[in-house]
Amino acid sequence: MSQVGETHIKSTEKTKQEQLLVHLIVGFREICIVTAALPLVTLVMCFITAYIFQADEIHETHCRVYNVIPSISAITGVSPQRYFWRACIAFHIGPRVAIAAVYRNYYGNLVGRIRDAKVQKRARCLVTAVFVLNLIEIGALCGVTYVSNRENYPIHEKVFITFMICSLCHMLATIRLNESTARVSPAARESALFSLHCKKMLFFLSIASTAGLVLFFLKHRFLCHDMAFSWFALCEYIIASANMGFHCTTMLDFPTEHFIVARGAERLKNHREYKFE
């Protein structure tokens, strides 16, 4: 996964050559896999253990009707599962912020190649929107994780709604931005086109599941229908899976890139693209 040591890599510039001292190099693909696997594995573990050992507690609702599927908030809001979930999100957030910053520079690089001034201006607005929405989504994820529905339901509900809205808006803005940059490079990589296709499918799945989630939540909240909360929870799991899948497309966007910790790389900050030999 990583190569640790003091490896010398020669970086070529037009006028002179300089030397980098690399302390750590990690495949960006591997970082994305670990980042995505953390919440998925923890969520499955929380679901299984809570369903086996705390079934009565996780199925409890204000309607007290029959349900078979607990919500994500229910399985991550009981003890000790809440501690595993919070620890997982703590490790998950750092790489997510770094990935958001990488995407900002990556998209900025692509947008800079657009010749049409109006299209470029619109695309730059999308770059900013994608970055800001991604950060808000990450912050909302922290909010729903550390403010459980059992501790403060009104705040938890509002933060959850913020997460849902920002997640969908981030998906849509990302798709629009990818479509804009794809026109710049007709010979785009096959992986990039496949990534865009996956993003669209996951976005449509999220939209459909969100509609179902709202419908069944209203049926549960106001009509107290049997199984309404279970259908709500199922939609919630589908949305969470689609969200994870959407962020997993990072592996398609950056199939060969690496995260590097090096000394002597100050001048690279002023270069949008830098080639190593």
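Calculation notes
Residues numbered from 1 in each chain as written. Predicted model: local features only at pLDDT ≥ 70, side-chain atom pairs only at ≥ 80, totals over all residues. Heavy atoms only, no water. Salt bridge = Lys/Arg side-chain N within 4 Å of Asp/Glu carboxyl O. Helix = DSSP H or I, 4+ residues; strand = E, 2+ residues; numbered from the N terminus. Buried < 20%, exposed > 50% of the residue type's maximum accessible area, 1.4 Å probe, protein only. Axes fitted to C-alpha atoms, helices over the stretch in contact; angles between N-to-C directions. Parallel < 35°, antiparallel > 145°, perpendicular 65-115°, else oblique. Left-handed = near helix turned anticlockwise from the far one by under 90°. Contact = heavy atoms within 4.5 Å. Nonpolar A, V, L, I, M, F, W, Y, C, P; charged D, E, K, R; others polar.

Visitor: Account for the pattern of salt bridges, with residues named and values stated.
Guide: Per the stated rule, a full pass over the model turns up six salt bridges. For Glu-157, the salt bridge goes to Arg-221, with nearest N and O atoms at 3.8 Å. In this pair, Glu-157 sits in helix α6 (residues 153-184) while Arg-221 sits in helix α7 (residues 190-223), placing the two residues 64 residues apart along the sequence. The exposure class assigned to Glu-157 is partly exposed, which follows from its relative accessible area of 24%. The class of Arg-221 is partly exposed, set by a relative accessible area of 30%. Taken together, the shared-partner salt bridges in this structure form one network comprising Arg-176, Glu-179 and Lys-200.

Visitor: Could you give me a rundown of the packing of helix α1 (residues 28-53) against helix α4 (residues 81-111), with the residues and numbers involved?
Guide: With their axes 10 Å apart at the nearest point, α1 and α4 run at an angle of 160° to one another. In terms of axis orientation, α1 runs roughly antiparallel to α4. Note that α1 runs across α4; the crossing there is left-handed. For the pair α1 and α4, contact is made by Phe-28, Ile-31, Cys-32, Thr-35, Leu-38, Pro-39, Thr-42, Leu-43, Met-45, Cys-46, Thr-49 and Ala-50 and by Gln-81, Phe-84, Trp-85, Cys-88, Phe-91, His-92, Pro-95, Arg-96, Ile-99 and Val-102, respectively. For the contact of α1 with α4, the residue count by class is 16 nonpolar, five polar and one charged.

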